[in-house]
Amino acid sequence: MRQFVTGTFTKYKDQLDANDQRNLIDAFFIKQQEEKSKSPTYFHDKNLTAVITNLFSAGMETTSTTLRWGLLLMMKYPEIQKDVQKEIDKVIGCAVPQTEHRKEMPYTDAVIHEIQRFGNIVPSNIPHATTQDVTFKGYFLPKGTYVIPLLTSILRDEDHFEKPDEFYPQHFLDSKGNFLKKEAFLPFSAGKRSCVGENLAKMELFLFFTRLLQNFTFQAPHGAKLDLTPAVGFTTPPMSHDMCAVPRT
Ligand code: HEM
């Protein structure tokens with residue numbers, strides 16, 4: 001991985017054009033040139049490798065684990081899968097899914113939100129520390145206290161979700177079938193250190209999920225039992241299951 005990242009940098013460095021910055025790597029190199037005379041600078045190659053490796057691992061593992069939950073839940077609840085496919089056929093048809101389709105697809109949007117809520121792939125979040133003395137629910141937390149803000153506590157909160165331990169896309173739908181935004185939907189955490197990839201992740205999940213269900217129906221092999229107990233991993237994945245992807249004609 002590190003070799004791939006550094007190999008990519010060398011190529012980008014050779015093709016660098018300050019007037020045509022293609023991405024984060026180009027922008028980093030330009031800043032590196034600007035700060036050449038400064039010491040110390042944050043814009044050295046080691047930091048670039050760290051930034052790109054971080055983005056790659058934070059972005060790959062999370063979205064693929066969420067999609068794995070999505071496919072397992074579609075196998076488990078074929079009637080929900082059918083309703084998503086109906087909406088895909090109506091709104092997208094045979095076209096390639098675009099992010100713009102999402103606002104016309106409240107049911108699919110609700111299902112994807114519920115996959116993220118139920119999948120709960122970063123249950124204990126990333127640890128933080130208090131930057132000042134805080135009193136929270138009667139407890140005094142001095143500045144510098146190590147805090148683990150459990151996302152499970154909000155994603156499975158019965159005050160916000162009618163059936164917190166069930167997969168229930170209606171959590172994100174009103175009585176007329178419109179998409180219902182929930183302030184307790186926080187799989188990306190909250191505050192200024194919340195996930196920087198949130199918008200990218202939402203876009204990826206919508207495009208991959210709809211493209212997959214547009215072309216395939218996902219089924220468990222005959223007689224297989226589908227277990228929704230989470231497995232153990234860097235993010236919380238579902239257990240491994242065999243899956244049949246039946247082409248939709
Ligand atoms: C389903 C997909 C994703 C989920 C559920 C998710 C969730 C999270 C969570 C819970 C955090 C911790 C926030 C906190 O400390 O309070 C986080 C941080 C972060 N995520 Fe994501 N993430 C996802 C996708 C992505 C993607 C696609 C990228 C980038 C390509 C990304 C990059 C990052 C980075 C760089 C941080 C650290 C932010 C910081 O410390 O300031 N994530 N993510």
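Anything mentioned here points back to the structure above.
It should be emphasised that the depicted structure is a prediction, and the values quoted were computed from it without experimental measurement. (Residues numbered from 1 in each chain as written. Predicted model: local features only at pLDDT ≥ 70, side-chain atom pairs only at ≥ 80, totals over all residues. Heavy atoms only, no water.)

This part takes up the coordination of the iron atom of the ligand. For the iron atom of the ligand, the sole protein-derived donor is Cys-195 (SG), lying 2.3 Å away. As for its placement among the helices and strands, Cys-195 is situated in the loop between α6 (152–155) and α7 (198–215). (Donors = N, O, S within 2.8 Å, 3.2 Å for Na, K, Ca; no water. Helix = DSSP H or I, 4+ residues; strand = E, 2+ residues; numbered from the N terminus.)

Judged by nonpolar contacts, the single largest core of 33 residues is most densely connected at Met-74, Val-111, Phe-167, Phe-209 and Leu-213. Those elements that provide at least two residues to this core are α3 (45–76), α4 (78–91), α5 (106–119) and α7. Examining the composition of this core, we find that seven residues originate from one element, α3, more than from any other. Apart from the residues within four sequence positions on either side, Phe-167 is in contact with Leu-73, Met-74, Tyr-77, Ile-80, Val-111, Glu-114, Ile-115 and Phe-118. Residues Phe-9, Ile-25, Phe-28 and Phe-29 belong to the second largest nonpolar core, which totals eight residues. (Core = buried A, V, L, I, M, F, W, Y, C linked by side-chain atoms within 4.5 Å. Buried < 20%, exposed > 50% of the residue type's maximum accessible area, 1.4 Å probe, protein only. Contact = heavy atoms within 4.5 Å.)

What follows deals with the site of the ligand. Taken together, 21 residues surround the ligand, and among them Thr-62, His-128, Ser-189, Arg-193 and Cys-195 come closest. Here an oxygen atom of the ligand and a side-chain polar atom of Asn-125 are 3.4 Å apart. Contact between the ligand and His-128: an oxygen atom at 2.7 Å from a side-chain N or O atom of the residue. Elements represented by at least two residues in the shell around the ligand include exactly α3 and α7. In the shell around the ligand, the residues fall into eleven nonpolar, nine polar and one charged. (Near = heavy atom within 4 Å. Polar contact = N/O pair within 3.5 Å; in protein donor to acceptor, adjacent residues only side chain to side chain. Nonpolar A, V, L, I, M, F, W, Y, C, P; charged D, E, K, R; others polar.)

Attention now moves to the pattern of salt bridges. Inspection of the entire model under this criterion finds ten salt bridges. Two residues, Asp-45 and Lys-13, come together in a salt bridge whose shortest N-O distance is 3.4 Å. Highlighted residues: Asp-45 in helix α3 and Lys-13 in helix α1 (residues 2–14), separated in sequence by 32 residues. Overall, Asp-45 belongs to the partly exposed group, its relative accessible area being 37%. The partly exposed category is assigned to Lys-13, whose relative accessible area is 38%. Residues Asp-109 and Arg-102 are paired through a salt bridge, measuring 2.7 Å at the closest nitrogen-oxygen approach. Residue classification places Asp-109 among the buried positions, given a relative accessible area of 10%. (Salt bridge = Lys/Arg side-chain N within 4 Å of Asp/Glu carboxyl O.)

Tracing the chain through its elements places Asp-159 in the loop between α6 and α7. Take Asp-159: its relative accessible area is 68%, and that puts it in the exposed class. Each C-alpha atom, one on Asp-159 and one on Gln-15, is 55 Å from the other, the two residues being 144 residues apart in sequence.

This part takes up α7. With 18 residues, α7 extends 26 Å between its outermost C-alpha atoms, agreeing within 8% with the 26 Å of an ideal straight helix rising 1.5 Å per residue. When α7 is considered as a whole, its buried residues turn out to be Ala-201, Leu-205, Phe-206, Phe-209, Thr-210, Leu-213 and Gln-214. (Expected span 1.5 Å × (residues − 1).)

Following the criterion strictly, the structure yields nine aromatic pairs and no others. Consider the rings of Phe-172 and Phe-179, whose centres lie 6.3 Å apart with planes at 5°: the pair is stacked. For Phe-179, a relative accessible area of 28% puts it in the partly exposed group. Grouped by ring-pair contacts, the aromatic residues Trp-69, Tyr-77, Phe-118 and Phe-167 constitute a single cluster. (Phe/Tyr/Trp six-rings, centres within 6.5 Å; stacked < 30°, edge-to-face > 60°.)

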